[in-house]
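# Structural overview for review
Spelled out, the chains give:
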Amino acid sequence: GAGVSQSPRYKVAKRGQDVALRCDPISGHVSLFWYQQALGQGPEFLTYFQNEAQLDKSGLPSDRFFAERPEGSVSTLKIQRTQQEDSAVYLCASSLRQPDTQYFGPGTRLTVL
Amino acid sequence: AQTVTQSQPEMSVQEAETVTLSCTYDTSESDYYLFWYKQPPSRQMILVIRQEAYKQQNATENRFSVNFQKAAKSFSLKISDSQLGDAAMYFCAYSPAWSGGSEKLVFGKGTKLTVNP
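What this report covers is the structure whose coordinates are included nearby. Here the structure is a predicted model, which means the values were calculated and not measured.

Let us now look at the pattern of salt bridges. Residues and elements named next belong to chain B. All chains considered together, the criterion is met by 8 salt bridges over all chains. The shortest N-O distance in the salt bridge between Glu52 and Arg50 comes to 2.9 Å. For Glu52, a relative accessible area of 12% gives the class buried. The partner of Glu52 in a salt bridge is Lys55, and the shortest N-O contact between them spans 3.8 Å. Beyond isolated ion pairs, a larger network of salt bridges with shared partners links Arg50, Glu52 and Lys55.

Moving on: the packing of aromatic side chains. On inspection of all chains with the given rule, the structure shows 17 aromatic pairs over all chains. An angle of 70° between the planes, with centres 6.1 Å apart, marks the rings of Phe104 of chain A and Phe107 of chain B as edge-to-face. Here Phe107 of chain B lies in strand β11 (residues 106-107) and Phe104 of chain A lies in strand β10 (residues 103-104), a pairing that spans two chains. The residues Phe104 of chain A and Phe107 of chain B share a single accessibility class, namely buried. An angle of 90° between the planes, with centres 6.2 Å apart, marks the rings of Phe91 of chain B and Phe107 of chain B as edge-to-face. With a gap of 16 residues between them, Phe91 of chain B in strand β10 (residues 88-96) and Phe107 of chain B in strand β11 connect regions that are remote in the sequence. Note on Phe107 of chain B: relative accessible area 9%, which makes it buried.

Analysis parameters
Residues numbered from 1 in each chain as written. Chains lettered and ligands numbered in written order. Predicted model: local features only at pLDDT ≥ 70, side-chain atom pairs only at ≥ 80, totals over all residues. Heavy atoms only, no water. Salt bridge = Lys/Arg side-chain N within 4 Å of Asp/Glu carboxyl O. Buried < 20%, exposed > 50% of the residue type's maximum accessible area, 1.4 Å probe, protein only. Phe/Tyr/Trp six-rings, centres within 6.5 Å; stacked < 30°, edge-to-face > 60°. Helix = DSSP H or I, 4+ residues; strand = E, 2+ residues; numbered from the N terminus.

That is the geometry; function is a separate question.
Put into structure tokens, the structure is as follows:
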């Protein structure tokens, strides 16, 4: 079956713009995670959904970051008033249940100018 | 808080040879999972191997095997018969077995593996 997909693959934004990043998890996967990966670093946790419920948002760096998964499938990570320090690769992962192996999408590379 | 340390920023190996990547972690939990993920330049994070802490037997997947030392909190990855396609960033990751919420992954900083022909 299809893996985790993310769109867009690349996004360039001017500082101050709002962006929306999309994640399509593997069909039937209950759990969905967002991670942020800075250049040359390992991914860092942002937020977690179980179905449509956001159970953990402890990793979101500021209130400019917002995530949703309204129907328990597709998720969107929104960043308002982007800053240069938001430049990173944003990875989405899904798993069938918790705890279980997480399967990753190809990521969205965000560059804020 | 759990931490994962990869002390080798870069490693290289000759094609067909064996290489071992190191990983140590810190946790107070008794039950957890450990993973090795591979990330090629395409950025797709691919699962290489997974180890459940309650299992004493080391996990093996074809040419990939781990040396899991629970008391020492060490989890190294051995790649046998290295191939050019093994070249990538390798990340060690930890996840609690149950935290009552999200079993998020905690990653190390990664080891860049180069395979020389």
